[in-house]
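Okay, here's what each chain looks like letter by letter:
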Amino acid sequence: MQEHGNSCTSLNNSGQVQAQEKVTLVVDGTRFVVNPQIFTAHPDTMLGRMFGPGREYNFTRPNEKGEYEIAEGIGSTVFRTVLDYYKTGVIHCPDGISIPDLRDTCDYLCINFDFNTIKCQDLSALLHEMSNDGAHKQFDSYLEELIVPIMVGSAKKGERECHIVVLTDDDVVDWDEDYPPPMGEEYSQILYSSKLYRFFKYIENRDVAKTVLKERGLKNIRIGIEGYPTCKEKVKRRPGGRSEVIYNYVQRPFIQMSWEKEEGKSRHVDFQCVRSKSLTNLTVDEDVAEDQEVMPYPPQVDELDRLKAPLSQMDPSDLPD
């Protein structure tokens, strides 16, 4: 019985030591003394993994004072607010802390940012962040399902860019073959999708779509709203017999992107002068010609490069009067 009592006493002492364990976290110059057990209850978060069973294998080590310097770039006020999640499972965002800052902190600490986790007075800001998440996932789906097949078709034709006009499922395009719309529209690809049309109706969604396309390595990205001709309304006769065609235009979203590797070099051509290599003096001795040092021709300079060069590097004859 005595041994059993001693064993119980030993276990109680061990439990008290474990319960009293404290660690010091340094965030933005502020020290937070906490029990690491509150983190291990959430093993999917960064702090849960950091102070979990495999703590000895963690890359984050205490400094010479035994303190953990973490969350670089995160303010101490926001971090203090986020600590509520480990105690109650909910973050109550007080006034004075912006939702985007709170979102960045949650992303850094691998805490789910949703309506069940975040409670705040500013519902507009919270819903805006949630809409950004939803738009990112939604456009990923639209990109693979609707847009990429059109881009692949353009690439198979040797194109390096793509311009897509998004029409609704009910839009009808009826061009007159004798009087087509002004030049340019015939190079656009038409995508009939009412759901993508509604998605691009919001400027915030268009910004999210640009971010997704940049993440996928595309360039020269433009997303907006433009007028697109659907059908001919009438033909006006101008003096001299010239006809002017009036088309009905509807405002529809468009998306344009490029996958050029040599960006910007496809649209201008370098014109170089080719100098004759024939000798003007045909009586010159061949041995002398071989020993004679041949001066290389000056490099050809493209006119665009000449215009971009600093004045100090330009030939005096090229300077404007």
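Just above, that's the structure.
A brief structural summary. (Residues numbered from 1 in each chain as written. Predicted model: local features only at pLDDT ≥ 70, side-chain atom pairs only at ≥ 80, totals over all residues. Heavy atoms only, no water.)

Turning our attention to helix 5 (residues 99-108). Turning to helix 5, its buried residues number three or more, namely Ile99, Leu102, Arg103, Thr105 and Cys106. For helix 5, the angular spread of the buried residues around the axis is 165°, confining them to a single face. Two residues or fewer past helix 5, Cys110 is found with a positive phi of approximately 60°. (Buried < 20%, exposed > 50% of the residue type's maximum accessible area, 1.4 Å probe, protein only. Helix = DSSP H or I, 4+ residues; strand = E, 2+ residues; numbered from the N terminus. Arc of directions from axis to C-beta.)

Okay, the side chain of Thr105 next. Looking at the element boundaries, Thr105 is found in helix 5. Here Thr105 falls in the buried class, since its relative accessible area comes to 3%. Sequence-distant contacts of Thr105, defined by excluding residues within four places in its chain, comprise Ile74, Val78 and Val82. (Contact = heavy atoms within 4.5 Å.)

Another aspect to go through is the nonpolar core. In this structure, Leu25, Leu47, Ile70, Phe79 and Leu102 are the most contacted members of the largest nonpolar core, which totals 33 residues. Contributing elements (two or more residues each) for this core: strand 1 (23-27), strand 2 (30-34), helix 3 (46-50), helix 4 (76-88), strand 4 (91-93), helix 5, strand 5 (118-120) and helix 6 (123-156). The biggest single contributor to this core is helix 4, with six residues. Residues Ala135, Leu196, Leu218 and Ile223 belong to the second largest nonpolar core, which totals 24 residues. (Core = buried A, V, L, I, M, F, W, Y, C linked by side-chain atoms within 4.5 Å.)

Summarising burial for strand 6 (residues 161-167): six of the seven residues are buried, a large majority. Examined bridge by bridge, strand 6 and strand 9 (residues 243-258) share five bridges and lie antiparallel to one another. Looking at the pairing, Cys162 lines up with Met257 of strand 9. Relative to strand 7 (residues 189-192), strand 6 runs parallel, the two being bridged by four bridges. Residue pairing across strands places Val165 opposite Ile190, the latter belonging to strand 7. (Pairing = 2+ DSSP bridges.)

In short, the description is geometric, and any link to function would need to be established separately.
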